[in-house]
Structures are given as structure tokens and as C-alpha cells.
Amino acid sequence: LHLDLVHTRAQSWIAEQDLPDATQEAFLSHEPHQRLDHSASLAWGVSHDLIRDIADKSEDVGALRWIIGERFLLTGRREALHSIRMTAEALDRGEPAEGPSALFEQIIEYIIDDLTDSVVRLIDETDSVEDQILLDRLRDGPQRVGSIRRVAVRQHRQLSGLHVLFRRFAEAQSGRSAPDAVKATAARLLLRIDTLHHDVQSVQD
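Figured I'd write up the structure that's included with this text. (Residues numbered from 1 in each chain as written. Predicted model: local features only at pLDDT ≥ 70, side-chain atom pairs only at ≥ 80, totals over all residues. Heavy atoms only, no water.)

## Things to note about a negative patch on the surface
A surface patch of like charges, here negative, comprises Asp124, Asp127, Glu130 and Asp131. Take Asp131: it is sitting in helix 4 (residues 100-134). According to the relative accessible area criterion, Asp131 is partly exposed, its value standing at 41%. (Patch = residues over 30% accessible without salt bridge, like charges linked within 9 Å, V, L, I, M, F, W, Y side chains within 5 Å. Areas by Shrake-Rupley, 256 points an atom, 1.4 Å probe, with all protein chains shown as cover. Salt bridge = Lys/Arg side-chain N within 4 Å of Asp/Glu carboxyl O. Lys, Arg positive; Asp, Glu negative; His and termini not counted. Charge placed at Lys NZ, Arg CZ, Asp CG, Glu CD. Helix = DSSP H or I, 4+ residues; strand = E, 2+ residues; numbered from the N terminus. Buried < 20%, exposed > 50% of the residue type's maximum accessible area, 1.4 Å probe, protein only.)

## With respect to the packing of helix 1 (residues 8-16) against helix 2 (residues 21-28)
The packing of two helices is summarised by the inter-axis angle and the distance between the axes. It is at 10 Å that the axes of helix 1 and helix 2 come closest, and there the two elements cross at 170°. The orientation of helix 1 with respect to helix 2, classified from their angle, is roughly antiparallel. Where helix 1 crosses over helix 2, the handedness of that crossing is right-handed. Contacts between helix 1 and helix 2 involve Gln11, Ile14 and Ala15 on the former and, on the latter, Gln24, Phe27 and Leu28. Partitioned by chemical class, the residues of the contact of helix 1 with helix 2 number four nonpolar, two polar and no charged. (Axes fitted to C-alpha atoms, helices over the stretch in contact; angles between N-to-C directions. Parallel < 35°, antiparallel > 145°, perpendicular 65-115°, else oblique. Left-handed = near helix turned anticlockwise from the far one by under 90°. Contact = heavy atoms within 4.5 Å. Nonpolar A, V, L, I, M, F, W, Y, C, P; charged D, E, K, R; others polar.)

## Remarks on the pairing of strand 3 (residues 43-52)
Extensive coverage of strand 3 is indicated by the burial of nine of its ten residues. Direction of pairing for strand 2 (residues 35-38) relative to strand 3: antiparallel, over a ladder of four bridges. Of the residues in strand 3, the one forming a bridge with Arg35 is Val46. Where strand 2 folds back on strand 3, the antiparallel hairpin that results is connected by four residues. (Pairing = 2+ DSSP bridges.)

## Digging into the packing of aromatic side chains
Aromatic ring pairs are defined here through the distance separating the ring centres and the angle between the ring planes. What the rule picks out here adds up to one aromatic pair. Pairing Trp66 with Phe104 gives two aromatic rings, centres 4.5 Å apart and planes at 50°, and the pair type is tilted. Of this pair, Trp66 sits in strand 4 (residues 57-68) while Phe104 sits in helix 4, and the two are 38 residues apart along the sequence. (Phe/Tyr/Trp six-rings, centres within 6.5 Å; stacked < 30°, edge-to-face > 60°.)

## Concerning the environment of Pro20
Here Pro20 shows up in the loop between helix 1 and helix 2. The class for Pro20 is partly exposed, based on a relative accessible area of 36%. Between the C-alpha atom of Pro20 and that of Ser39, which follows or precedes it by 19 residues, the distance is 9.3 Å.

## Let's talk about the packing of helix 4 against helix 6 (residues 180-204)
Their axes nearest at 10 Å, the elements helix 4 and helix 6 cross at an angle of 5°. Viewed along their axes, helix 4 and helix 6 adopt a mutual orientation that is roughly parallel. Across the contact of helix 4 with helix 6, the residue classes break down as 14 nonpolar, four polar and six charged.

## Quick look at the nonpolar core
Counting residues in hydrophobic clusters, the biggest one holds 27 residues, and the most contacted among them are Leu64, Trp66, Leu73, Phe104, Ile108, Phe166 and Ile193. Those elements that provide at least two residues to this core are strand 4, helix 4, helix 5 (141-170) and helix 6. With eight residues, helix 4 is the largest single contributor of residues to this core. Each residue touching Leu73, except ones within four places of it in the same chain, is listed here: Leu1, Trp66, Ile67, Ile68, Pro100, Leu103, Phe104 and Ile107. Counting eleven residues, the second-largest nonpolar core is a separate cluster that includes Leu5, Leu19, Leu42 and Ile67. (Core = buried A, V, L, I, M, F, W, Y, C linked by side-chain atoms within 4.5 Å.)

If you want it as C-alpha cells, here you go:
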């Protein structure tokens with residue numbers, strides 16, 4: 001179930017559900033930072049995703065809030081988000097979702113795919129600037145390098161947040177009491193995030 005948290009009816013509905021107070025608080029909060037918490041039967045948190053305007057995704061980031069139980073996935077947002085649109089379209093096409101954790105993994109995969117596309121464009125732009133420097137033809141170097149740095153910093157921040165969240169579940173002691181399906185999902189996602197994190201660090205260097 002996906003909720004638009006701008007609407008007060010959605011907020012009221014959450015308050016009526018049999019969910020821990022900490023889970024409800026995180027889901028309804030305006031706190032933008034990425035986070036991941038859990039109990040023995042639930043996992044919940046916040047992930048960053050690209051905001052989608054009328055035509056396509058933008059470069060601005062919004063907060064996707066989620067709660068995973070054994071038999072349900074609840075997501076919420078206050079802006080239209082790209083990963084949710086992509087997931088809805090996939091489900092409309094008849095692509096299967098094996099369970100709540102698998103569906104959550106699919107959503108995060110779309111977020112990672114967007115980051116991957118952006119990192120590839122950033123690497124291409126960095127290579128272009130480097131080539132122009134070597135040929136002594138660079139005329140707008142400060143502007144282009146400044147733009148690369150701003151995007152790289154934003155991507156690094158988003159990936160670092162994801163990395164910390166999923167590493168905690170996949171490897172750290174604090175995640176061992178989390179639901180097994182969530183831990184398995186975190187381990188798979190961490191592999192992709194680590195590779196991308198390294199690529200962004202290389203661009204920054």
C-alpha cells in the first residue's frame with residue numbers, strides 16, 4: 001500500500017493501525033535524513049529518491065518512507081517519486097512481486113538504477129573535461145568542474161546514507177535481530193551500493 005502523506009486521511013489511517021509508536025512516528029515524520037530501524041517482526045526507515053515532475057524525474061531528492069512486515073509493505077511520500085512510479089508501472093505490466101521484501105528490493109533497485117545512470121553521465125563529463133585539459137582547449141573549466149563537484153557531493157551523500165543503512169543490517173551486530181528476509185535483501189543491495197559508492201569516490205578524487 002502506497003500513501004500520499006500530504007493527506008490528513010492517510011495520517012489518520014496510520015494512527016489507527018497496530019504499529020509500534022516509534023514506527024508510526026518515523027513514517028509520519030518530516031525528518032529528511034535516511035534511516036533504518038527494526039524490531040523482530042518489522043523494519044522501517046527513510047530512503048532518498050528523485051522527485052518526479054509532470055514529464056520526468058528531476059534532479060531534486062525527496063524522502064520515501066517505508067515499513068516492511070512479513071505480509072505487507074507500506075510506503076509513503078509527500079512528493080511524487082520516480083522509484084514508486086517505476087514500480088507501479090512494472091506491477092501494472094504484470095511483473096511479479098514475490099513478497100514484501102522482494103517488492104521493497106525492487107523499489108530500491110530503481111533508486112540505485114537512477115544513481116547509476118547519473119554516475120555514468122558524471123564519469124563521461126569528467127573524462128571530457130580531462131581530455132580538454134590535456135589538449136589545452138578547456139575554456140569553461142571552472143564552471144564545468146564546479147558542476148561535477150556539486151553533483152558528485154550530492155550523490156556521495158545519498159550513497160553514503162544507503163551504504164550505512166544496509167551495511168548495518170547485512171553485517172553489523174545491531175541488525176542480527178531484524179527479519180531474515182530484510183537482512184537478505186540488505187546484503188544484496190549492499191553489493192550494488194558499494195560498487196557505485198566507489199565510482200562516485202573516484203569522480204570526486
